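Notes for the structure review
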Amino acid sequence: MITWALTAAALAAALIAPLSGSAPYMFVLLLSIPLAFIYGVRRYGAKALLLFFAVTFVVSNSFENLSISTGFPFGHYHYTGSPKLVDVPIFIGPIYFGLGYLCWQVANVLLDEADTRLSWRAGTGHRVNVVALPMTAAAIMTMFDLGSDSIASTVNHLWIWERSGGVFGVPYTNYLGWWLVTYLFFQIFALYLARRQAPVRSTGLEPSLQSVLVYAGLGLSTIPYFAAASGDDIMDATGTVWNAHALNETMMTINLFTVVFVAFLALVKLARHDTTGNATPSRETP
């Protein structure tokens, strides 16, 4: 009941809040944090889930601060919010954790519950999973950023790109950096799961379904936002002028064919109960 209530609240925020012209991402991402804790403890246990939280927080905060100071790996930018841990708002780390867990589970659905088959000793497929699952989860997480960063930064100024970039004021290095950083903390978690002795717990269909639905909501939110947001021209920190209508239309299109489509594929697999990786092929009578 609690997780369905949180899922419903996240979907409502994603689909209704944008009608007022405000971006809904922050509400949805904050709701993903308690969902991730509940799902993660059930599936991996408290110790593993706390390790995942610590790894995502430390890795993300370290690289964000490094990039603000040096430009690597995301580019040159600074945050406008506070309070901060060095130069990064404190809530950024928990958001990496919440969103990261959602993306990890979406990737897990697409890869037939690969988290149950992570090992260096049990065959080629298990060894491939140790790398394929974090790589896929990182790509799914970067898809979200590709369809949202221009709105969050160029339009809403949650952070400022000091040297602008071709994706409506966002440099391409941001997306390469997102994939690298998220891959690193996903890979650390996959290696931990591959080495520990305790098996992953079966949690049934609902946690995976709820994760996919919340992730889909993040992508679908750009449709009402495009319909309701202002179409005025906006200027980034370098003085480059961007058309807000074109920006919102592009972000919506990107989301439809990345975030929403990936969520659709995951929902198809869940509807077909095709997520265990151990299904026996059916025999067709001639």
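What counts, and at which threshold
Positions within a chain are numbered from 1, following the residues in the order the chain's sequence is written. Residue-level local features of this predicted model are given only where pLDDT is at least 70; pairs of side-chain atoms are given and counted only at 80 or more, and the full residue set underlies all totals for whole chains, interfaces and linings. Values reported for side chains reflect all heavy atoms of the structure, with hydrogen atoms and water molecules removed beforehand. Each salt bridge in this description consists of a side-chain nitrogen of Lys or Arg and a carboxyl oxygen of Asp or Glu lying within 4 Å of one another. Under the DSSP-based scheme used, a helix requires at least four consecutive residues in state H or I and a strand at least two consecutive residues in state E, with every element numbered from the N terminus. Exposure is judged per residue with a 1.4 Å probe applied to protein chains only, and the accessible area is read against the type maximum: over 50% gives exposed, under 20% gives buried, and values in between give partly exposed. Buried residues of nine kinds, namely Ala, Val, Leu, Ile, Met, Phe, Trp, Tyr and Cys, make up a nonpolar core once their side-chain atoms join them within 4.5 Å. Any pair of residues with heavy atoms lying within 4.5 Å of one another is described as a contacting pair. Each Phe, Tyr or Trp ring (for Trp, its six-membered ring) is paired with any other whose centre lies within 6.5 Å, and the angle between the two planes then decides the class: stacked below 30 degrees, edge-to-face above 60, tilted in between. Axis definition: a line fitted to C-alpha atoms, limited for helices to the stretch in contact. Angles are taken between N-to-C directions and run from 0 to 180 degrees. Oblique is the label for any angle not covered by the other classes, which are roughly parallel (under 35 degrees), roughly antiparallel (over 145) and roughly perpendicular (65 to 115). Crossing handedness follows the turn of the near helix against the far one: under a right angle anticlockwise gives a left-handed crossing, and clockwise gives a right-handed one. Residue type decides the class: Asp, Glu, Lys and Arg count as charged, Ala, Val, Leu, Ile, Met, Phe, Trp, Tyr, Cys and Pro as nonpolar, and the leftover types, Gly among them, as polar. Here the expected length of a helix is defined as 1.5 Å per residue gap, with one fewer gap than residues. Relevant arc is that of directions from the helix axis to the C-beta atoms, nothing else. Any pair of nitrogen or oxygen atoms within 3.5 Å is treated as a polar contact; in protein, a donor-acceptor pairing is required on top of that, and neighbouring residues in sequence qualify only through side-chain atoms on both sides. Exposure above 30% relative accessible area and no salt bridge define the residues that can form patches, which grow by joining like charges within 9 Å and nonpolar side chains of Val, Leu, Ile, Met, Phe, Trp and Tyr within 5 Å. With residues, only the protein chains shown are counted as cover, and all accessible areas are computed by Shrake-Rupley using a 1.4 Å probe.

Attention shifts here to the pattern of salt bridges. Under the definition given, this model contains four salt bridges. The closest approach of N and O atoms between Asp115 and Arg43, which form a salt bridge, is 2.7 Å. With a gap of 72 residues between them, Asp115 in the loop between α4 (92–110) and α5 (124–146) and Arg43 in helix α2 (residues 25–44) connect regions that are remote in the sequence. Residue Asp115 is classed as buried on the basis of its relative accessible area, which comes to 3%. Overall, Arg43 belongs to the buried group, its relative accessible area being 4%. Its salt-bridge partner being Asp274, residue Lys269 comes within 3.4 Å of it at the nearest N-O pair. On the basis of relative accessibility, which here comes to 27%, the residue Asp274 falls in the partly exposed class. Bridged by salt links that share partners, the residues Arg43, Glu113 and Asp115 form one connected network.

Core analysis: the biggest nonpolar cluster contains 80 residues, and Trp104, Phe185 and Tyr215 have the highest contact counts within it. No other element matches the 12 residues that α4 contributes to this core. With near-sequence residues (within four places) excluded, Tyr215 lies in contact with Cys103, Val106, Ile140, Met143, Phe144, Val259, Val262 and Ala263.

Further remarks concern the packing of aromatic side chains. Per the stated rule, a full pass over the model turns up 25 aromatic pairs. Relative to Phe186, the ring of Phe52 lies with its centre 6.3 Å away and its plane at 20°, an arrangement referred to as stacked. Taken together, the positions of Phe52 in helix α3 (residues 46–70) and Phe186 in helix α7 (residues 172–195) put the pair 134 residues apart, joining distant regions of the chain. By relative accessible area, which is 0% here, Phe186 ends up buried. Judged by centre distance (4.9 Å) and plane angle (45°), the rings of Tyr77 and Trp161 are tilted.

Once that is clear, we can look at unusual backbone geometry. Looking along the chain, the bond that leaves Phe72 and enters Pro73 is cis, with omega of 5°. A cis amide bond links Ser82 to the next residue, Pro83, at an omega of 0°. Positionally, Pro83 belongs in the loop between β1 (77–79) and β2 (84–85). A positive phi angle, close to 60°, is found at Asp112, a residue other than glycine. By the element assignment, Asp112 lies in the loop between α4 and α5. Residue Asp112 is classed as partly exposed on the basis of its relative accessible area of 22%. Even without being glycine, His157 reaches a positive phi, approximately 60°.

Right, let's get into the packing of α4 against helix α11 (residues 259–271). Where α4 contacts α11, the two axes come as close as 9 Å, and the packing angle between them is 55°. Relative to α11, α4 is oriented oblique. Helix-helix and strand crossings are classified by hand; for α4 and α11 the assignment is left-handed. Contact with α4, carried on its side by Val106, Val109 and Leu110, involves Val262, Leu265, Ala266, Lys269 and Leu270 of α11 and no other residues of that element. Of the residues belonging to the contact of α4 with α11, the class tally is seven nonpolar, no polar and one charged.

Tracing the backbone through its elements, the reader meets Gly45 in the loop between α2 and α3. Measuring from C-alpha to C-alpha, the distance between Gly45 and Ala132 comes to 22 Å, with 87 residues separating the pair along the chain. Leaving out residues up to four positions away in the same chain, Gly45 has contacts with Gly40 and Arg201.

Taking 1.5 Å as the rise per residue, helix α10 (residues 244–256) with 13 residues should run 18 Å; its terminal C-alpha atoms sit 18 Å apart, in good agreement. Inspection of α10 places Ala244, Leu247, Asn248, Met251, Met252, Ile254 and Asn255 among the buried residues, and these make up the whole buried set. All buried residues of α10 project into a common sector of 165° when viewed along the axis, lining one side. Measuring from the backbone nitrogen of His245 back to the side-chain oxygen at the start of α10 gives 3.1 Å, which picks out Asn243 as the cap.

A grouping of Leu15, Ile16 and Leu19 is seen on the molecular surface, where their side chains present a nonpolar patch of about 290 Å² in accessible area. Mapped onto the secondary structure, Leu15 falls in helix α1 (residues 2–16). Residue classification places Leu15 among the partly exposed residues on the basis of a relative accessible area of 37%.

A few words on the environment of Tyr192. Examined against the element boundaries, Tyr192 turns out to sit in helix α7. Among the residues examined, Tyr192 registers a relative accessible area of 21% and is labelled partly exposed. Other than its neighbours up to four places away in sequence, Tyr192 contacts Lys47, Ala48 and Leu51.

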